[in-house]
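# Observations on the three-dimensional arrangement
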Amino acid sequence: MRYSAYSIFKEALSGNRMWKPAWREPQPKPHYDVIIVGGGGHGLATAYYLAKEFGITNVAVLEKGYLGSGNVGRNTTIIRSNYLLEGNNPFYEFSLKLWEGLERDFNYNAMVSQRGMLNLFHSDGQRDEYARKGNGMRLHGVDAELLDREQVRKMMPYLNFDHARFPIMGALYQRRAGTVRHDAVAWGYARGADQRGVDIIQHCEVTGIRRENGVVVGVETTRGFIGCNKLALAAGHTTTIMKMADVRVPLQSSPLQALVSEPLKPIFPCVVMSNTVHAYISQSDKGELVIGAGTDQYNSYSQTGGLQIITHTLDAICELFPMFRRVKMMRQWGGIVDNTPDRSAIQSKTPVPGLYVNCGWGTGGFKATPGSANLFAHLIARDEPHKFNAGLTLERFRSGRLIDEAAAAAVAH
């Protein structure tokens, strides 16, 4: 069924009793051309683009929990492409352009809201750094504006301009940045992939990777052995899964926390981020303040995180926005981020024939979803990288050709 105003009207006449499930609940087949491990945004979107762009439909997505139960539903929903380096800027701009046409592409309301993002700067040195980044973005054809203090004040008059520890001197502004409803992204990609024949198999945990003569031939799961020609990893706990194939990857996993407040009336129009005070904030369509914190300073698969991290973050938000000091927080949660040594992702073939890996996105995983999946599908289908992800190989950690852009992650790294 194609969603439209007509379909909504038609279903309303039946009391909304005729809607069909958005995706099937199939039993695993004995063998697939491609198995994708991970039913989050990257895994579901990779299956979608394999079917849509490359005609590969004999695909299974294996998810150990329920669909979208991992980081795709645990992030702060921000999309942007304000990166500087050659290895990242074209990729994230490609991803942002896919976001801009995503809802029409998969016929699902993902609530894409390009409300803009302000990256505040608080010193002359930081201003020069942002000017350099903005110029680099513009040279790549990406929108960027350097705003002075009064231009920022006109947009956000309730920021603490006069009494903050770190005076606000201006901001780097990307108008096309914004937010997207995270779980709708998972549902939309799942529905689109399912309609093209992809099997989405929930509650199916991978417990082993079977190889013959060194080549991947399938996976052992809690629902039995499933064979495949190619195995693509797009899940969390990457180091654990890769160990099943005797492959080590240079990742560190840490909790990353976020919070939301009680709903408020519309207050500010865009995303605001400050590296210096270590916090960022936006307002959801429901009125909640969505606040992003930094990563905990220890490695863990815990989805809770330390109290001192969110306390520090709320102190920073109250310093930037004094009017929020009496706002109540409703809930806090954590997700797991996998960081590489250079803080750029890995999207690569591995030393094991037939095994592909997509990991290490750090705090950039959600904004990368459509671009990452599209290019990962290209890598799987054609067995060679696209020009936009050619630098994201495992080999760069051996050769030293790193893409060192930790500062682009703003507050989280």
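To keep things clear, this report deals only with the structure shown in the data block. (Residues numbered from 1 in each chain as written. Predicted model: local features only at pLDDT ≥ 70, side-chain atom pairs only at ≥ 80, totals over all residues. Heavy atoms only, no water.)

What follows is about the environment of Met156. Examined against the element boundaries, Met156 turns out to sit in the loop between α6 (149–155) and β6 (170–174). The class of Met156 is buried, set by a relative accessible area of 0%. Taking the C-alpha atoms as reference points, Met156 and Ile267, separated by 111 residues in sequence, lie 9.5 Å from one another. Ignoring anything within four residues of it in the chain, the contact list for Met156 reads Leu118, Phe161, Phe268, Pro269, Cys270, Val272 and Phe321. (Helix = DSSP H or I, 4+ residues; strand = E, 2+ residues; numbered from the N terminus. Buried < 20%, exposed > 50% of the residue type's maximum accessible area, 1.4 Å probe, protein only. Contact = heavy atoms within 4.5 Å.)

The next point concerns the packing of helix α2 (residues 41–54) against helix α7 (residues 182–195). As a packed pair, α2 and α7 sit with axes 8 Å apart at the nearest point and diverge in direction by 35°. The chirality of how α2 crosses α7 is left-handed. In contact with Leu44, Ala45, Ala47, Tyr48 and Tyr49 of α2, α7 contributes Ala186, Tyr189, Ala190, Gly192 and Ala193. Along the lines of polarity and charge, the residues of the contact of α2 with α7 split into nine nonpolar, one polar and no charged. (Axes fitted to C-alpha atoms, helices over the stretch in contact; angles between N-to-C directions. Left-handed = near helix turned anticlockwise from the far one by under 90°. Nonpolar A, V, L, I, M, F, W, Y, C, P; charged D, E, K, R; others polar.)

Turning our attention to the environment of Arg326. Looking at the element boundaries, Arg326 is found in the loop between α9 (307–320) and β16 (329–339). Each C-alpha atom of the pair Arg326 and Glu63 lies 41 Å from the other, and the pair is 263 residues apart in sequence.

Attention now moves to the packing of aromatic side chains. Under the counting rule described, the total for this entry stands at 17 aromatic pairs. Where Phe268 meets Phe324, the ring centres are 6.3 Å apart and the plane angle is 45°; that geometry is what we call tilted. One end of the pair, Phe268, is in the loop between β12 (252–261) and β13 (271–274); the other, Phe324, is in the loop between α9 and β16, with 56 residues separating them in the sequence. Look at Phe324 and you get buried, because its relative accessible area is 5%. Taken together, Tyr3, Trp19, Tyr48, Tyr49, Phe106, Tyr108 and Tyr189 form an aromatic cluster joined through their ring pairs. The ring of Tyr3 has Arg191 sitting right over it, with the charged end atom 3.7 Å from the ring centre. Residue placement shows Arg210 over the ring face of Phe225; its charged tip is 3.8 Å from the ring centre. (Phe/Tyr/Trp six-rings, centres within 6.5 Å; stacked < 30°, edge-to-face > 60°. Lys NZ or Arg CZ within 6 Å of the ring centre and 35° of its normal.)

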